[in-house]
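# Chains, contacts and geometry: an overview
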Amino acid sequence: MQRKRSFRIAFSGLVCSLSLVVLFMTGIIPFATYSLPCIAGFLLVTTMVECGDPWAWLSFAAISFLAMILTPDREAALMYIIFFGYYPMVKKYLEMIPSRLLEWASKLTLFIGAIAGGYFAAVHLFGMEYLLEEANEFGKYSLLVMLVLGVLVFLLYDIALSRLISVYILYLRKKIFRRFH
């Protein structure tokens, strides 16, 4: 029992460290503001599979707190917190919905709500008014166009995430942890 607990602590700490390094890289690779939070979120899937949901949620909370303090790109940290950090864990429960239509409606509602809430928080709470200025440069329908494009990218992200999770569970997990299982 103690070995399992120490493994969970060490594994969660390692994933937290790797996630923070990935989020910190947004300061080095500025055009990766959205892709690196996706990668950091996927890393939590490994914690969920190896240690369980409570450990993954605790790791998400720790990463979120430290990301806001340590990472140079606040927008990337915010994207991680409002959606990409927890979505891979919530995805498991959304995919248990029996109706595919209701499942996808729930996923899209969560995405749109999270992005809209994050956008509002970024502009009004964190003082990132430059986001409004950037949107106004493209015309009055720019936010709607960006939302539609965001939904299309989200659909691709969800499919890619499903495949990455399958690859991890079916192939990589056996290769990485063959001594432990």
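Before any of the text, the structure's been laid out above.
Description of the structure in this document. These numbers come from a predicted model, not from an experiment.

### Examining the pattern of salt bridges
Any two side chains of opposite charge can pair if their charged atoms end up close together. Taken as a whole and judged by the stated rule, the model has eight salt bridges. Here K107 makes a salt bridge to E103, at a shortest N to O gap of 3.1 Å. On the criterion of helical spacing, the pair formed by K107 and E103 is a turn pair, its members being four residues apart in helix α6 (residues 100-125). Each of K91, E95, R100, E103, K107 and D158 takes part in one network of salt bridges that share partners.

### Details of the nonpolar core
As a rule of thumb, nonpolar side chains are buried together in soluble globular proteins. If you look at the biggest cluster of nonpolar residues, it comprises 42 residues, and the most contacted ones within it are F83 and Y157. Those elements that place two or more of their residues in this core are α1 (2-24), α2 (35-51), α3 (53-70), α4 (74-84), α5 (87-94), α6 and α8 (142-176). No other element matches the nine residues that α2 contributes to this core. Residue contacts for F83: discarding those within four places in its chain leaves L110, F111, A114, F154 and Y157.

### Comments concerning the packing of aromatic side chains
For the structure on display, the rule yields 13 aromatic pairs. Ring centres 5.2 Å apart and planes at 75° place the aromatic pair F83 and F111 in the edge-to-face group. In this pair, F83 is assigned in helix α4 and F111 in helix α6, connecting sequence segments 28 residues apart. No difference in accessibility class separates F83 from F111, as the two residues are buried. Between Y87 and Y157, the ring centres sit 6.1 Å apart and the planes meet at 40°, which makes this aromatic pair tilted. Taken together, the residues Y87 in helix α5 and Y157 in helix α8 connect sequence positions 70 residues apart.

Conventions used here
All chains use their own residue numbering, which begins from 1 and follows the written sequence. Given that the model is predicted, a residue must reach a pLDDT of at least 70 before its local features are reported, and side-chain atom pairs must reach 80 or more before they are shown or counted; all residues, however, enter totals for whole chains, interfaces and linings. With hydrogens and water set aside, each side-chain value is computed from the structure's full complement of heavy atoms. Only one rule defines a salt bridge in this text: a Lys or Arg side-chain nitrogen within 4 Å of an Asp or Glu carboxyl oxygen. Secondary structure elements follow DSSP: runs of H or I of four or more residues count as helices, runs of E of two or more count as strands, with numbering from the N terminus. Working definition of a nonpolar core: buried Ala, Val, Leu, Ile, Met, Phe, Trp, Tyr and Cys residues. They are joined through side-chain atoms within 4.5 Å. For every residue, the accessible area obtained with a 1.4 Å probe (protein chains only) is divided by the maximum for its type, and the residue is called buried under 20%, exposed over 50%, and partly exposed between those limits. In this analysis, two residues are considered to be in contact whenever any of their non-hydrogen atoms come within 4.5 Å of each other. Centres within 6.5 Å are what make two rings of Phe, Tyr or Trp a pair, Trp counting through its six-membered ring; a difference in plane orientation under 30 degrees is then read as stacked, over 60 as edge-to-face, and the rest as tilted.

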